[in-house]
Amino acid sequence: MALPKIETPIYNLIVPSTKKKINYRPFLVKEEKILLMAMESREESEMAAALIQVINNCILEESFDINEIALFDIEYVFLQIRSKSVGELAEPVIKCEKCEGEVQLSVDVSKVKVKFNKKHNKNIKLNKNIGVTMKYPDIIEMVSGGFLTAKEGSSESIEKVYNLVKDCIESIYTDDERFYMRDSSEEEKNDFMESLGTEQFKKIQEFFDTMPSLTHNEKYKCPACNHEDSVTLRGLSDFFI
């Protein structure tokens, strides 16, 4: 006689960048095992792979392609899946701004949203003749490029920023033509990047500075010194530190 199966509830969410509704289920013991093993490894690439596998397992839409959504979408989708799987409270630990003592927060992740900057624009005019259209980096680009682990200000970090910018230029356009980077050789891409002036490169960097992000402000009171303040959590890692 076959063992009984437990019914799994189905929920839905709206993907922030596309505004499409998708159905999903909570992750089960098999997915929790995948996440725990990845966390124990402390390897960013393994954690990213586990995140992708769990999301793919739990999303019930056949048309859903995790490779086509932005990093902030992935973070938001995972946070929603997690909230229905293990509970809506996350308890990250931060340092008090005044005494640097440890403060444990209690964040309702169901209320965490992706924040959009009104100044953000995917189409960037570099001069009166040429502009670029950008695409959002995905988690594979961020991890495989080593961008998440590069130390800020180091030569490694500078190289990672350069490569990330290059990979996120979807196309170059003029008044009459559009050139897609996927159709260009690596040499042609590098030639274009090296032809940019400092101000033009800064314009492209603004795309990343104003990019939508998983952001939440949380008030706290330090148990050690009673200092009251608030902290801004950004990105998935901030909710589980």
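Structure: above.
Read on for an overview of the structure.

**Here's the deal with the overall build of the chain**
Item 1. When helices and strands are counted, the chain shows 7 helices and 13 strands.
Item 2. Principal-axis analysis of the C-alpha atoms places the extent of the chain at approximately 65 × 60 × 35 Å.
Item 3. In the chain, buried positions account for 39% of the 241 residues.
Item 4. Within the chain, contacts between residues separated by at least 24 positions form 60% of all contacts whose residues are at least 6 apart in sequence.
Item 5. By element, 48% of the accessible surface of the chain is carried by carbon and sulfur atoms, the whole surface being about 15200 Å².
Item 6. Taking the average location of the 32 positive side-chain charges in the chain and that of its 42 negative ones, the two points are 6 Å from each other.

**A few points about the packing of aromatic side chains**
The description of an aromatic ring pair rests on the distance of the ring centres and on the angle between the ring planes.
Item 1. Counted by the stated rule, this structure contains 6 aromatic pairs.
Item 2. Each ring, one from F207 and one from F208, has its centre 5.1 Å from the other, and the planes form 85°; the classification is edge-to-face. We note that F207, like F208, is buried.
Item 3. A connected cluster of aromatic rings, assembled from ring pairs, spans F72, F116, Y136, F207 and F208.

**Quick word on the side chain of T210**
Item 1. Along the chain, the position of T210 falls in the loop between α7 (198–209) and β12 (213–221).
Item 2. For T210, the side chain forms a polar contact with the side chain of H120, separated by 2.9 Å.
Item 3. Setting aside chain neighbours within four positions, we find T210 in contact with N117 and H120.

**Brief notes about the pairing of β12**
Item 1. When strand β7 (residues 113–115) meets β12, the two strands line up antiparallel, connected through 3 bridges. By the bridge assignment, K113 is partnered in β12 with T215.
Item 2. Sheet analysis places β12 next to strand β13 (residues 228–234), joined by 7 bridges and oriented antiparallel. Residue pairing across strands places N217 opposite T232, the latter belonging to β13.
Item 3. Between β12 and the antiparallel strand that follows it, β13, lie 6 residues; N226 among them carries a positive phi value of about 65°.

**Considerations on the nonpolar core**
Item 1. Formed by 62 residues in total, the largest nonpolar core has its most connected members in I55, V132, M134, I169 and I204.
Item 2. The dominant element in this core, judged by the number of residues it contributes, is helix α3 (residues 71–85), at 8 residues.
Item 3. If we skip the residues at most four places from it in the chain, I169 touches V132, T133, M134, M181, F192, M193 and I204.

**Some details on the side chain of D73**
Item 1. Counting through the fold element by element, D73 comes out in helix α3.
Item 2. Nearest to the buried, unbridged D73 among oppositely charged side chains is K19, at 7.8 Å.
Item 3. Once you skip the residues sitting within four places of it in the chain, D73 turns out to touch V15, P16 and S17.

**Some thoughts on the layout of surface pockets**
Item 1. Here the second largest pocket defines a volume of roughly 230 Å³.
Item 2. Residue lining of the second largest pocket: V15, T18, K20, K21, I22, E61, S63, F64, D65, E68 and I69, and that is the complete set.

**Side note on the sheet that holds β12**
Item 1. Strand order in this open sheet of 3 strands is β7-β12-β13, and the pairing throughout is antiparallel. This sheet does not close on itself; its edge strands, each paired only once, are β7 and β13. The average angle at which neighbouring strand axes cross in this sheet is 45°, direction not considered.
Item 2. Against the sheet, α3 touches β7 and β12, its axis set at about 55° to β12.

Criteria and thresholds
Residues numbered from 1 in each chain as written. Predicted model: local features only at pLDDT ≥ 70, side-chain atom pairs only at ≥ 80, totals over all residues. Heavy atoms only, no water. Helix = DSSP H or I, 4+ residues; strand = E, 2+ residues; numbered from the N terminus. Buried < 20%, exposed > 50% of the residue type's maximum accessible area, 1.4 Å probe, protein only. Contact = heavy atoms within 4.5 Å. Areas by Shrake-Rupley, 256 points an atom, 1.4 Å probe, with all protein chains shown as cover. Lys, Arg positive; Asp, Glu negative; His and termini not counted. Charge placed at Lys NZ, Arg CZ, Asp CG, Glu CD. Phe/Tyr/Trp six-rings, centres within 6.5 Å; stacked < 30°, edge-to-face > 60°. Polar contact = N/O pair within 3.5 Å; in protein donor to acceptor, adjacent residues only side chain to side chain. Pairing = 2+ DSSP bridges. Core = buried A, V, L, I, M, F, W, Y, C linked by side-chain atoms within 4.5 Å. Salt bridge = Lys/Arg side-chain N within 4 Å of Asp/Glu carboxyl O. 1 Å grid on protein atoms, 1.4 Å probe; cavity = no way out; pocket = protein on both sides within 12 Å on 5 of 7 lines; lining within 4 Å. Points joined across faces, edges and corners; volume = space filled by probe spheres on them. Axes fitted to C-alpha atoms, helices over the stretch in contact; angles between N-to-C directions.

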